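Take a look at the letters that make up each chain.
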Amino acid sequence: MRTYTDDDADFALLTEAPVAVIGYGSQGRAHALNLKDSGADVVVGAREGGKSWTRAKEDGLAVATPAEAAARAKLIALLTPDMTHEALFREAVQPGLEPGDAVLFAHGFSAHYGRVKPSEDVDVLLVAPKGPGDLVRREYQRGRGVPCLFAAAQDASGKARQRALAYARGIGGTAAGAIETTVKEETETDLFGEQAVLCGGATELVLAGYETLVEAGYQPEIAYYECLHELKLIVDLLYEGGLAKMHEFISETAIFGDLTSGPRVINDETRQRMREVLKDIQSGAFAREWILENQAGQPRYRRLLDADLEHPIEQVGRDLRGRMAWMQPGANNAAE
């Protein structure tokens, strides 16, 4: 595997014409500001008079409607939520596309599952930072960056791959190292990570642990501390130095319990369930389910979300976090 750095990217490719960033949320704001600070001519596409429109103008960026921004640019980054891409592309982006233009995504869902299909004379690019937008912006401002994945899904211009690398450099990705992938690989691994480990897996593990302790008669507050609160301590160690650092900083008792009891919880049955989740992603079954859910107005999504947020651990957590001074607004400033 090769890691691409600033020396591999020709940012001049992004200064030949305006770049449109459609959407000004977490990723959109970070990308637009980083690209502008790198020397690109950036125009933000947003709803006229809306919150994003106002914020982008306050940040010193040129702002236009999505259709106007797309028509002015040669590279259009679609950075709104996945489920908005199809209509946004059809109504605002596609009419202004010209041969040799490029459409870029920060996550491959819409391209991989055919929700957005640019014509064959247009480049299709992917640049996916491996971190939230505020981190992408903050690290760029520190002269560093957040690692990126990049791909050229369609090369009409003959320089799609170089354009993706140039974009990655513009947002700080090649400063930290960019890895080449495919839209298929990025999409399927990203969805699997979210569902089986980072979001679905982690939260279900926390809730199951909490419920097990409470059902056994232990105090909910103690269960919260042991199954949710202290999770951050372990995740930080893993993030900073992998399994080795975690084992270095936890007790031998904890290590022995980890090595002997962990496989009892995450076992062959769990791995088979993970394979089933991955199969649904690879086959497109999950994408179809999510698309139909949105078309129906998200009734199941909202019901499941409400049930999640009404779990007893939420009330216990709110009460306990309210006593944690370092978590309160302004705590960092007060400490300084």
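Description of the structure in this document. It should be emphasised that the depicted structure is a prediction, and the values quoted were computed from it without experimental measurement.

Each value, and the rule that gives it
- Residues numbered from 1 in each chain as written.
- Predicted model: local features only at pLDDT ≥ 70, side-chain atom pairs only at ≥ 80, totals over all residues.
- Heavy atoms only, no water.
- Patch = residues over 30% accessible without salt bridge, like charges linked within 9 Å, V, L, I, M, F, W, Y side chains within 5 Å.
- Areas by Shrake-Rupley, 256 points an atom, 1.4 Å probe, with all protein chains shown as cover.
- Salt bridge = Lys/Arg side-chain N within 4 Å of Asp/Glu carboxyl O.
- Lys, Arg positive; Asp, Glu negative; His and termini not counted.
- Charge placed at Lys NZ, Arg CZ, Asp CG, Glu CD.
- Helix = DSSP H or I, 4+ residues; strand = E, 2+ residues; numbered from the N terminus.
- Buried < 20%, exposed > 50% of the residue type's maximum accessible area, 1.4 Å probe, protein only.
- Pairing = 2+ DSSP bridges.
- Right-handed = clockwise from strand over helix to strand, strands pointing away.
- Contact = heavy atoms within 4.5 Å.
- Expected span 1.5 Å × (residues − 1).
- Bend = angle between axes of the 7 residues up to and from the residue.
- Arc of directions from axis to C-beta.
- Core = buried A, V, L, I, M, F, W, Y, C linked by side-chain atoms within 4.5 Å.
- Axes fitted to C-alpha atoms, helices over the stretch in contact; angles between N-to-C directions.
- Parallel < 35°, antiparallel > 145°, perpendicular 65-115°, else oblique.
- Nonpolar A, V, L, I, M, F, W, Y, C, P; charged D, E, K, R; others polar.

Describing a negative patch on the surface
Argument step 1. A cluster of acidic side chains, namely Glu-204, Glu-211, Glu-215 and Asp-308, defines a negative patch on the protein surface.
Argument step 2. No other element matches the 3 residues that helix α10 (residues 200-215) contributes to the negative patch.
Argument step 3. Structurally, Glu-215 is set in helix α10.

A closer look at the pattern of salt bridges
Argument step 1. On inspection of all chains with the given rule, the structure shows 20 salt bridges.
Argument step 2. Among the salt bridges present, the one from Asp-134 reaches Arg-138, with a minimum N-O distance of 3.8 Å. With a gap of 4 residues between them, Asp-134 and Arg-138 both fall in helix α6 (residues 133-141), about one helical turn apart.

Focus on the pairing of strand β2 (residues 19-22)
Argument step 1. Here β2 shows no split at all, with Val-19 and Val-21 on one side and Ala-20 and Ile-22 on the other all buried.
Argument step 2. As paired strands, β2 and strand β3 (residues 42-45) are joined by 4 bridges and run parallel to one another. Among the inter-strand pairings, Ala-20 is bridged to a residue of β3, identified as Val-43.
Argument step 3. In this fold, β2 hands off to helix α1 (residues 26-38), which returns the chain to β3; that crossover is right-handed.

Some points on the environment of Val-183
Argument step 1. One can find Val-183 in helix α9 (residues 183-198).
Argument step 2. In the structure, Val-183 is positioned 34 residues away from Leu-149 in sequence and 9.7 Å away in space, judged by C-alpha atoms.
Argument step 3. Contact partners of Val-183, with chain neighbours within four places excluded, come to Gly-108, Ala-111, His-112, Leu-126, Ala-151 and Ala-153.

Focus on helix α13 (residues 252-265)
Argument step 1. Between its first and last C-alpha atoms α13 spans 20 Å; for 14 residues at 1.5 Å apiece the expected length is 20 Å, and the two agree.
Argument step 2. By the largest-angle criterion, Leu-259 marks the main kink of α13, which is about 35 degrees, and a proline, Pro-263, follows within four residues.

Regarding helix α4 (residues 85-93)
Argument step 1. Where α4 is concerned, the buried positions are His-85, Leu-88, Phe-89, Ala-92 and Val-93. One face of α4 carries all of its buried residues, which in axial projection span an arc of 105 degrees.
Argument step 2. Where α4 is buried, its residues meet β2, α3 (66-72), β5 (75-78), β6 (102-105) and α5 (109-112).

Observations concerning the nonpolar core
Argument step 1. If you look at the biggest cluster of nonpolar residues, it comprises 37 residues, and the most contacted ones within it are Leu-14, Leu-35, Leu-75, Val-127 and Tyr-167.
Argument step 2. With 6 residues, the top contributor of residues to this core is helix α7 (residues 160-170).
Argument step 3. Once you skip the residues sitting within four places of it in the chain, Tyr-167 turns out to touch Leu-14, Val-19, His-31, Leu-35, Leu-75, Ala-77, Leu-79, Leu-104 and Val-127.
Argument step 4. Counting 24 residues, the second largest nonpolar core, distinct from the first, contains Ile-76, Leu-78, Ala-128 and Leu-149.

Some details on the sheet that holds strand β1 (residues 3-4)
Argument step 1. Strands sit in the order β1-β9-β8-β7-β6-β5-β2-β3-β4 across an open sheet of 9 strands; the sheet is mixed. Each having just a single partner strand, β1 and β4 (62-64) make up the two edges of the open sheet.
Argument step 2. Set on the sheet, α7 makes contact with β1, β2, β5, β6, β7 (123-129), β8 (148-154) and β9 (178-180); between it and β7 the angle comes to about 30 degrees.

With respect to the packing of α9 against α10
Argument step 1. Where α9 contacts α10, the two axes come as close as 3 Å, and the packing angle between them is 10 degrees. As judged from the angle between their axes, α9 and α10 are roughly parallel. Contacts from Glu-194, Gln-195, Ala-196, Val-197 and Leu-198 of α9 reach α10 at Gly-200, Gly-201 and Ala-202.
Argument step 2. Among the residues making up the contact of α9 with α10, the classes are represented as 4 nonpolar, 3 polar and 1 charged.

Concerning the environment of Gly-330
Argument step 1. Structurally, Gly-330 is set in the loop between α17 (312-321) and α18 (331-335).
Argument step 2. For Gly-330 and Glu-180, which are 150 residues apart along the polypeptide, the C-alpha to C-alpha distance reads 40 Å.

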